[in-house]
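Descriptive analysis of the structure
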Amino acid sequence: MDIFEELGIRRYINAQDTYTKYGASCMGAESLRAMAEIAGSMVDLAEVQEKTGDAIAALTRNQGAYISNGAAGGLMICAAACMALDSEEAYRALPEKGERRDIIVQRAQHNIYDKSIVAAGANLVFLGEESVAPSEAELTNAITEKTAAVAYFIYHGRKGSLPLERVLEIAHTHGVPVIVDAAAQNPPAENLWRFTEMGSDMVIFSGGKALCGPQDSGLILGRREWIARCRRWGPPADGVCRCCKTSREAMAGLYAAVKAYLSRDEEAERRRLSDACARFEQTLRACGFARVWREEQGPVGQAFPRVFGEMPQGSAALFSEKMKSIGVYIGSDEADNVLILNPLMLTSRQVKEVCAALLRCHGM
Ligand SMILES: *Cc1c(COP(=O)(O)O)cnc(C)c1O
């Protein structure tokens, strides 16, 4: 009896997205092996954090790396590092007290994850409006002696935001660090160094999305002095960030995942995704979809293709419910009555299973 039978857990095929609530991604054999290896022995966690971080930094062309329990935990640790700097007293006072607890965010970038910054004890200072970027002068004027950092979310609210280049320039002119949330910004792999090369102090990625590391892992990549502060104040140290505890298994698993991710054959990967999309397009047409198209970007601007199909009749929401009931999760845009098929997390066998399920639901 396997674990699915023993606990009565259903499996599904993910043609939707790397959503945490649906498990997001599957780890590769490299990660599973690394986790099993490190799990069997006692080790000093600070040493694992340091050596694994240094190895990931070297792989990703960064000065330093810290492994957190996820991108959300990474936001919390970065925020705490910016507020505490090198002061034990300032760190111990978090989350209730502190002299420098303002973290600036553009209003358009406000999203469900900025609470992780607040959880560290920060006071979010929103600039601009939901769809109107603040002026550069507004950003400059908002920086005071109470400002600990500027946080920048890639893609979220991009139409109402100052570009990252300008934010970096202005923040750095005033001696303020910039925390970048790029949690879901893979592929391409180059994003692992692109934002730090632009000058960002700390850049956060989710380990459990497209990187296919452990679900409870995340990366903080960045400048040496900031990574040193993350190591000092982040777990295994106690204090406000202790709730971001990261296991040695997650650290080793993420290291193996990053290594595997960077050694992929990019061209073969592009072909794999394109072939999957071609099959989806063919199948939707066979189901009577007249408007079928491909977009070359993922839901938050990532570099991978997806297939869209406008329902010839009936509702896209209902169709995706039917698919779900037979174990295949797909996306739907209810406003436009469109199905969305994402090949990123599918094996070639699963691509065939998704196509078979589409044909089956079409006939239902
Ligand atoms: C997914 C996501 C997170 C959270 O990532 P976890 O690794 O699940 O904690 C944070 N920020 C953004 C922008 C995300 O897309």
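For the structure itself, look to the data block above.
Definitions and limits used
- Residues numbered from 1 in each chain as written.
- Predicted model: local features only at pLDDT ≥ 70, side-chain atom pairs only at ≥ 80, totals over all residues.
- Heavy atoms only, no water.
- Near = heavy atom within 4 Å.
- Polar contact = N/O pair within 3.5 Å; in protein donor to acceptor, adjacent residues only side chain to side chain.
- Areas by Shrake-Rupley, 256 points an atom, 1.4 Å probe, with all protein chains shown as cover.
- Nonpolar A, V, L, I, M, F, W, Y, C, P; charged D, E, K, R; others polar.
- Helix = DSSP H or I, 4+ residues; strand = E, 2+ residues; numbered from the N terminus.
- Contact = heavy atoms within 4.5 Å.
- Buried < 20%, exposed > 50% of the residue type's maximum accessible area, 1.4 Å probe, protein only.
- Salt bridge = Lys/Arg side-chain N within 4 Å of Asp/Glu carboxyl O.
- Axes fitted to C-alpha atoms, helices over the stretch in contact; angles between N-to-C directions.
- Parallel < 35°, antiparallel > 145°, perpendicular 65-115°, else oblique.
- Left-handed = near helix turned anticlockwise from the far one by under 90°.
- Phe/Tyr/Trp six-rings, centres within 6.5 Å; stacked < 30°, edge-to-face > 60°.
- Lys NZ or Arg CZ within 6 Å of the ring centre and 35° of its normal.

1. Considering the site of the ligand
The ligand sits among Thr20, Gly70, Ala71, Ala72, Tyr113, His156, Asp181, Ala183, Ala184, Ser206 and Lys209. In this structure, aspartate 181 approaches the ligand through a side-chain N or O atom, which is 2.7 Å from a nitrogen atom. Relative to its unbound accessible area of 390 Å², the ligand is 88% covered by the protein chains. Looking at the shell around the ligand, its residues break down into five nonpolar, four polar and two charged.

2. Re the environment of tyrosine 152
Note that tyrosine 152 resides in strand β5 (residues 147–153). C-alpha separation for the pair tyrosine 152 and serine 200, spaced 48 residues apart in sequence, amounts to 9.5 Å. If we skip the residues at most four places from it in the chain, tyrosine 152 touches Gln106, Gln109, Ser161, Leu162, Pro163, Leu164, Val167, Val178, Ile179, Val180 and Asp181.

3. Topic: unusual backbone geometry
The amide bond that connects leucine 94 to the next residue, proline 95, takes the cis arrangement and shows omega of 5°. Here proline 95 shows up in the loop between α5 (88–93) and β3 (102–106). Residues proline 235 and proline 236 are joined by a peptide bond in cis, for which omega reads 15°. Within the element layout of this structure, proline 236 appears in the loop between α10 (224–233) and α11 (248–262). You will see that leucine 85, though not glycine, has its phi angle at about 50°, which is positive. Mapped onto the elements of the fold, leucine 85 is located in the loop between α4 (71–84) and α5.

4. Observations regarding helix α8 (residues 164–173)
The complete set of buried residues in α8 reads Leu164, Val167, Leu168, Ile170 and Ala171. Buried-residue contacts for α8 involve β3, α7 (136–142), β5, β6 (178–181) and α9 (191–197). Phi turns positive, to about 70°, at glycine 175, one or two residues after α8.

5. Here we look at the side chain of aspartate 201
Within the fold, aspartate 201 resides in the loop between α9 and β7 (202–206). Residue classification places aspartate 201 among the buried residues on the basis of a relative accessible area of 5%. Side chain to side chain, aspartate 201 and histidine 172 meet in a polar contact 2.7 Å long. For aspartate 201, the contacting residues outside a window of four places in its chain are His172, Pro177, Val178, Leu221, Gly222, Arg223 and Trp226.

6. Describing the pattern of salt bridges
One pass over the structure, following the stated rule, counts 18 salt bridges. Arginine 231 serves as the salt-bridge partner of aspartate 54, at 3.0 Å between the closest nitrogen and oxygen. Separated by 177 residues along the polypeptide, aspartate 54 in helix α3 (residues 45–59) and arginine 231 in helix α10 bring together distant segments of the chain. Classification of aspartate 54 as partly exposed rests on a relative accessible area of 38%. Among the residues examined, arginine 231 registers a relative accessible area of 27% and is labelled partly exposed.

7. Re the packing of helix α12 (residues 266–286) against helix α14 (residues 348–363)
What describes two packed helices is the angle between their axes and the distance between those same axes. Relative orientation of the contacting elements α12 and α14 amounts to 10°, with a least axis distance of 10 Å. When the axes of α12 and α14 are compared, the pair comes out roughly parallel. Crossing geometry of α12 relative to α14 is assigned as right-handed. Facing α12, whose interface residues are Ala276, Arg279, Phe280, Thr283 and Leu284, α14 presents Val351, Lys352, Val354, Cys355, Leu358 and Leu359. Class assignment of the residues belonging to the contact of α12 with α14 gives a composition of eight nonpolar, one polar and two charged.

8. Things to note about the packing of aromatic side chains
In total, this model carries seven aromatic pairs according to the counting rule given. Here the aromatic rings of tyrosine 12 and tyrosine 329 are separated by 3.8 Å at their centres, their planes lie at 25°, and the arrangement is stacked. One end of the pair, tyrosine 12, is in the loop between α1 (3–7) and β1 (13–15); the other, tyrosine 329, is in strand β11 (residues 328–333), and 317 residues separate them in sequence. Tyrosine 329 sits in the buried class, given a relative accessible area of 14%. Each ring, one from tyrosine 19 and one from tyrosine 22, has its centre 6.3 Å from the other, and the planes form 70°; the classification is edge-to-face. Through successive ring pairs, a cluster of aromatic residues spans Tyr12, Tyr19, Tyr22 and Tyr329. The positively charged end of arginine 291 is found above the aromatic ring belonging to tryptophan 293, 4.4 Å away from the centroid. The cationic tip of lysine 324 hangs over the ring face of tyrosine 329; the distance from NZ or CZ to the ring centre is 5.0 Å.

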